[in-house]
Every structure is written in C-alpha cells, then in structure tokens.
Amino acid sequence: MTVAANLEKTRATIREAAARSGRAPDAVRLVLVSKTVSPERIREAIWEGQTDLGENKVQEGRSKAEALADLPVRWSMIGHLQTNKVKDVLRFADEVQSLDRLSLAEALDKRLQHLGRGLDVLVQVNTSGEASKYGLAPQDVSAFLKDVAACDAIRPKGFMTLATFTPDEAEVRRCFRLLRDVRDRARQDAPQGAALADLSMGMSGDYPWAIEEGATIVRVGQAVFGPRPLPDSHYWPS
Ligand SMILES: *Cc1c(COP(=O)(O)O)cnc(C)c1O
C-alpha cells in the first residue's frame, strides 16, 4: 500500500470512530508521526494535504523541517525534551505535546519571552503508571497547572498520554479514560480553565479506542508509513 492509500484509510477510520463517539467526522486532528521516515516519503503525505506532522527527537525534527521548508508543515514535538534542547526545539516546533515538568516550562517560557512569541503545549500525563514512561502523575496535574500559569508565553491546550503497551483493550481504555478525567477536572479547577480542551491519545495500534474515549488528537505513524525497521534503529541520525 502506498502512503497516500494508507493515509486515506487512516482518515476514514478516524472519521468513523468520531461518528461512533457522537462527534463530527472532522472533530479529531491527525498528527502524522514521521520519526525515522525520510523527507522524500513524508512529502508523499504532504502532497495528500497532511501538513500536521510529529517528531520525537529534536535533531531529527530540525533536519526534516529544513528539508521540507518549502512546504507548509505544522510540526509537533511529541517526545521527551531535555531542557538544554529548548532553543533548538523552538527553531522548528509549532507545538510541544510533551510538557512534563516545571523546569521545562520555565526554560521554554524564558526562551519564548526572548523571541517574543507564545507556544501551544499539552501536558504529558503518565496514565499507565509504568516507571519507564514520562509524564506527570495524574494527582500532580492540578498543582502543576497552577505553577505553569506564571509562564505567560506557555499556552496549555490540554493533555497527552501514551497508554500501556499491551493488547489488553480494557487496560488501554483505562489509560485513555484516566486522561479524560484529568482533563475534565482541570477544566473545572485550573487557572487555564476552558482552554484545556485537547486530549492527545492513541497511536497506530489503539487510535480507534482512543477516539471512542474522547481523543481530539491522535498521533499515528506506522499505520501510514509501515512498520519501523527496528524498535530502536533510526533511519535518521539523532
Ligand atoms: C512513535 C510515537 C507515536 C506513533 O506511534 P506509531 O506506532 O508509529 O503509530 C505516537 N506518540 C509518540 C509519543 C511516539 O513516540
């Protein structure tokens, strides 16, 4: 299957899942995850109108943003971000979905103030409880949002999570529902209030479930580009 055909199939699956969850077919945003994929293949997706792309490594994202600078791409940073990479990430990213600690918010804010611009962010929450996963514990989100309110250039729009990596549908859905609960509570309590609408959850293996549980953003890579060669190998040097 070509990138174009896979993309059309994925879009149809997203529309159907949105309809099943009682929402408009276009209510869910697709962030196409292009990590390890070459700029030439990414171009095939952009030609199909897919301009919303996600990368999980700063250096790889920057290189691709430069290689595709002639096209109107909106880049999301979706991977763990070291504080010393803040300057570099802001050279290409239009959004950071992996805000997971106050020191990172403060470093981003400082740089953004210098640049005179703002940044949309999602707060990453660890809903699986796995020690290997990044993200705030659900019970720490409320205090975190109060602290982040002091960072004027940071605009929290919602939350992001990775579900437990398991074929167990009930466990995966539990993670997604937990993120939705975190969002619903934050909308009531947080200084940012009603701006906290987004739920970024669901990847190639589980995005229809995520949409049924309320996802407004899904992050999908392999369903469109095919399997990545090896779990930890990268076509693109990092
Ligand atoms: C790689 C990645 C995805 C997409 O995973 P696929 O299996 O390719 O759909 C989503 N979110 C994050 C944070 C990722 O690193």
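Definitions and cut-offs
- Residues numbered from 1 in each chain as written.
- Predicted model: local features only at pLDDT ≥ 70, side-chain atom pairs only at ≥ 80, totals over all residues.
- Heavy atoms only, no water.
- Buried < 20%, exposed > 50% of the residue type's maximum accessible area, 1.4 Å probe, protein only.
- Helix = DSSP H or I, 4+ residues; strand = E, 2+ residues; numbered from the N terminus.
- Arc of directions from axis to C-beta.
- Contact = heavy atoms within 4.5 Å.
- Near = heavy atom within 4 Å.
- Polar contact = N/O pair within 3.5 Å; in protein donor to acceptor, adjacent residues only side chain to side chain.
- Nonpolar A, V, L, I, M, F, W, Y, C, P; charged D, E, K, R; others polar.
- Core = buried A, V, L, I, M, F, W, Y, C linked by side-chain atoms within 4.5 Å.
- Salt bridge = Lys/Arg side-chain N within 4 Å of Asp/Glu carboxyl O.

A. Helix α2 (residues 39-47), seen in detail. Among the residues making up α2, those that are buried are P39, I42, A45 and I46. The buried residues of α2 occupy an angular sector of 105° when projected down its axis, which confines them to one face. Residues of α2 that are exposed and point more than 90 degrees away from the buried face comprise E40 and W47. On the buried face of α2, the contacting elements are α1 (3-20), β1 (29-33), β2 (52-55), α3 (58-67) and α9 (222-225). The first or second residue beyond α2 is G49, which carries a positive phi of 90°.

B. Spotlight on the site of the ligand. Around the ligand lies a shell formed by V33, K35, I78, M203, S204, R219, V220, G221, Q222 and R228. In this structure, an oxygen atom belonging to the ligand sits 2.6 Å away from a side-chain N or O atom of K35. Between R219 and the ligand, the recorded distance is 2.9 Å, taken from a side-chain N or O atom to a nitrogen atom. For the shell around the ligand, the per-class residue count stands at four nonpolar, three polar and three charged.

C. Spotlight on the nonpolar core. Counting residues in each nonpolar core, the largest one holds 64 residues, and the members touching the most others are V89, L108, F159, I211 and V218. When residues in this core are grouped by element, the largest group, six residues, is from helix α7 (residues 169-189). Every residue in contact with V89, bar those within four places of it in the chain, is listed here: V58, M77, L81 and L108.

D. Spotlight on the pattern of salt bridges. As enumerated under the stated definition, the model contains 22 salt bridges in all. Ionic pairing is found between K133 and E130, a salt bridge with its closest N-O pair at 2.5 Å. Between E212 and R173 there is a salt bridge whose closest N-O contact spans 2.6 Å. Of this pair, E212 sits in helix α8 (residues 207-212) while R173 sits in helix α7; the two residues are 39 residues apart in sequence, bridging distant segments of the chain. You can call E212 partly exposed: its relative accessible area is 29%. On the basis of relative accessibility, which here comes to 14%, the residue R173 falls in the buried class. Salt bridges sharing common partners tie together R20, E169, R173, R177, R180, E212 and E213.

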